[in-house]
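Below, each chain spelled out in residue letters.
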Amino acid sequence: MPQSIRTRVAIVGAGPAGLILSHLLAEEGIESVVIDRRTRAEIESTIRAGILEQGTVELLTRIDPGTRVQTVGERHDGIELRFQGEGHRIDFQALVGRSVWLYPQHEVLTDLLALRAGAGQDLRFGVTASGIDDTDPDQPRVIATDSQGDNVVIDADFVVGADGSRSVMRSAVAGASGNGVFREYPFAWFGILCDAPPSSDELIYSNSDDGFALISQRSPQVQRMYFQCDPGMDAQAPSEAEIWATLQARVPGTSLKRGPVFQRDVLSFRSFVAGELRRGRLALVGDAAHTVPPTGAKGMNLAVADVVLLARALHALLREDDSRLIDTYSERALRRIWKAQHFSWWMTGMLHTPPRGDDFDRRRQIGELRSVVESEAGRAYLAEAYTGWPLDV
Ligand code: DHB
């Protein structure tokens, strides 16, 4: 006999989207079960991006007054765009009166898991969803297996796929292959974490003839840095000396503070938007619904924006029997998703060196960068998109 669970909303995925959704639903008295195939320790240690939009920080602070984003995280009021060896500051506060926070995603997850566990949320780790049985479209059923290999079924009034870029739920909503639109890029990022003091107070996005580099941070003792690489690159191949030489050559004008590299990875670049974000009583949020390339760090912020829309729509549907918001969830979420897709694609194209680019491409790109940094309107567009458009709250 499979283990049988009954709840109002079944949430597949205990990442930021699934956990925040469970919280917003609980605030409205809507009970949910969250499952994830990973262990809690795996979730808390996955290295992801580190930039939170102001709206994300406001939401995290409202739902969790104990969040460490304000104490451990750091507010950043600007970034630097560097090209032809010269830095140009984009002053977010002066341009749009907003900021971002540097606070790594795994810390956000640690806070959210503690918050939800403390509130008595039904959270099940090591439970892998394999599909949906929606024979009764009003009572979708999640089919899953627990860590012992025993079957688990969850009957719900609504099922949410918050299960990341390799989503199992996606095909139940959007059909096989996700029926989406897709873009690949001819480059990737090689990323490191190292034990070193910061090389700069703010993030440096540096365009150079040899390719792009990003100087980011994690804490006063730990730094995160990336450089543009070939998508086929083996993360273990370069020596530490080669890594530092590549990074340093791409950030002329700053002398990087070096230290032991204790983590390295290659991040792939993809843009993807699923063909449907909702079908009947199933919906997708976050990376299950869309992927953006990392430049500009929109991924988690976009997941939060989806969840804010979906939580309100589920409240109307499940508490007031009003389906108008859920019927328009996809269309409303897609407006922001495509703005973020454009921003991530634009930042990526403007900053990276195309592998087979010629002199025209290179000079045009410098013209584009100048058009941004030498115009208040250009800088303000970047600042507005980077710090995040208002959330629907
Ligand atoms: C980081 C990642 C990003 O993609 C970005 O645009 C800025 C910062 C980071 O991991 O720190």
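The model shown is predicted, which means the values in this text are computed figures rather than measured ones.

**Q** Looking at this structure, I do not really get the overall build of the protein. What am I missing?
**A** Per the secondary structure count, the protein includes twelve helices and 23 strands. Relative to a compact globule of 393 residues, whose C-alpha radius of gyration would be 21 Å, the protein shows 21 Å and is just as compact. For the protein, the spread of C-alpha atoms along the three principal axes comes to 65 × 40 × 40 Å. Burial status across the protein gives 55% buried among its 393 residues. Across the protein, every contact between residues at least 6 apart in sequence was considered, and the portion connecting residues at least 24 apart equals 72%. Of the roughly 16,400 Å² that the protein leaves accessible, carbon and sulfur atoms contribute 49%. Side chains of the protein give 42 positive and 53 negative charges; the mean places of these two sets differ by 1 Å.

**Q** How do you make sense of the packing of aromatic side chains when you look at a structure like this?
**A** Two descriptors summarise a pair of aromatic rings, namely the distance from one centre to the other and the angle between the planes of the rings. On inspection of all chains with the given rule, the structure shows 14 aromatic pairs. Residues Phe343 and Trp346 carry aromatic rings whose centres are separated by 6.1 Å and whose planes lie at 45° to one another, so their mutual orientation is tilted. One end of the pair, Phe343, and the other, Trp346, are both in helix 10 (residues 329-351), three residues apart, so they sit about a helical turn from each other. Taken as a pair, Phe343 and Trp346 share a single burial class, namely buried. The rings of Phe92, Tyr185, Phe187, Trp189, Tyr205, Phe212, Tyr226, Phe269 and Tyr386 are connected pair by pair, giving a single aromatic cluster. Over the ring of Tyr386 we find Lys298; its NZ or CZ atom is 6.0 Å from the centre of that ring.

**Q** Got a minute to help me understand unusual backbone geometry in this structure?
**A** Outside of glycine, negative phi angles account for most residues, and trans bonds account for most peptide bonds. A positive phi angle is found at Gln84, which is not glycine, with a value near 50°. Following the sequence through the fold, Gln84 ends up in the loop between strand 6 (78-83) and strand 7 (86-91).

**Q** Is there a simple way to think about the environment of His23 in this case?
**A** Assignment of secondary structure puts His23 in helix 1 (residues 16-27). When the C-alpha atoms of His23 and Ala311 are compared, they prove to be 9.3 Å apart, with 288 residues separating the residues in sequence. Each residue touching His23, except ones within four places of it in the same chain, is listed here: Ile63, Leu115 and Arg116. A distance of 3.3 Å separates a polar atom in the side chain of His23 from a polar atom in the side chain of Arg116.

**Q** I would appreciate a short explanation of the pairing of strand 20 (residues 270-273) in the present structure.
**A** Along a regular strand, successive side chains alternate from one face of the sheet to the other. Bridge analysis of strand 14 (residues 181-184) against strand 20 gives four bridges, and the strand direction is antiparallel. Opposite Phe182, over in strand 20, you have Phe272 as the bridge partner. Note: strand 20 against strand 23 (residues 290-291), two bridges, orientation antiparallel. Paired with Val273 across the two strands is His290, which belongs to strand 23.

**Q** Any chance you could explain the nonpolar core here in plain terms?
**A** Buried together is how nonpolar side chains tend to be arranged in soluble globular proteins. Counting 110 residues, the largest nonpolar core has Leu81, Tyr205, Leu382 and Tyr386 as the members making the most contacts within it. Element by element, the count of residues in this core is highest for helix 8 (residues 299-320), at 14 residues. Here this core gathers at least three residues from each of two domains, domain 1 (3-74 + 101-182 + 271-353) and domain 2 (185-269 + 355-384). When near neighbours in sequence (up to four residues on either side) are disregarded, Tyr205 contacts Ile79, Glu80, Leu81, Arg82, Phe212, Ala213, Leu214, Thr295, Gly296, Met347, Leu351 and Tyr386. Ranked by size, the runner-up nonpolar core spans 18 residues in total, among them Ile192, Ile215, Cys229 and Leu256.

**Q** Just checking my understanding: could you explain the site of the ligand for this structure?
**A** In the vicinity of the ligand, 14 residues are found, and the nearest of them are Tyr205, Ser216, Arg218, Tyr226 and Pro294. A distance of 2.6 Å separates an oxygen atom of the ligand from a polar side-chain atom of Tyr205. At 2.9 Å, a backbone N or O of Gly296 approaches an oxygen atom of the ligand. When the ligand sits alone it has 290 Å² of accessible area, and the protein chains cover 99% of it. Of the residues contributing to the shell around the ligand, the split by class is nine nonpolar, four polar and one charged.

**Q** So what exactly am I meant to see when it comes to helix 1 here?
**A** Count 3.6 residues to each turn of an α-helix, and residues three or four apart come out pointing the same way. A rise of 1.5 Å per residue sets the reference length of helix 1, with its twelve residues, at 16 Å; its end C-alpha atoms lie 17 Å apart and thus fit the reference within 8%. Taking burial as the measure, the twelve residues of helix 1 include ten buried ones, the bulk of the element. Buried within helix 1 are the following residues: Pro16, Ala17, Gly18, Leu19, Ile20, Leu21, Ser22, His23, Leu24 and Leu25. Positive backbone phi, approximately 75°, marks Gly29, located one or two places after helix 1.

The rules we used
- Residues numbered from 1 in each chain as written.
- Predicted model: local features only at pLDDT ≥ 70, side-chain atom pairs only at ≥ 80, totals over all residues.
- Heavy atoms only, no water.
- Helix = DSSP H or I, 4+ residues; strand = E, 2+ residues; numbered from the N terminus.
- Rg over C-alpha atoms; globule rule 2.2 N^0.38 Å.
- Buried < 20%, exposed > 50% of the residue type's maximum accessible area, 1.4 Å probe, protein only.
- Contact = heavy atoms within 4.5 Å.
- Areas by Shrake-Rupley, 256 points an atom, 1.4 Å probe, with all protein chains shown as cover.
- Lys, Arg positive; Asp, Glu negative; His and termini not counted.
- Charge placed at Lys NZ, Arg CZ, Asp CG, Glu CD.
- Phe/Tyr/Trp six-rings, centres within 6.5 Å; stacked < 30°, edge-to-face > 60°.
- Lys NZ or Arg CZ within 6 Å of the ring centre and 35° of its normal.
- Polar contact = N/O pair within 3.5 Å; in protein donor to acceptor, adjacent residues only side chain to side chain.
- Pairing = 2+ DSSP bridges.
- Core = buried A, V, L, I, M, F, W, Y, C linked by side-chain atoms within 4.5 Å.
- Domains from an automatic or database assignment.
- Near = heavy atom within 4 Å.
- Nonpolar A, V, L, I, M, F, W, Y, C, P; charged D, E, K, R; others polar.
- Expected span 1.5 Å × (residues − 1).

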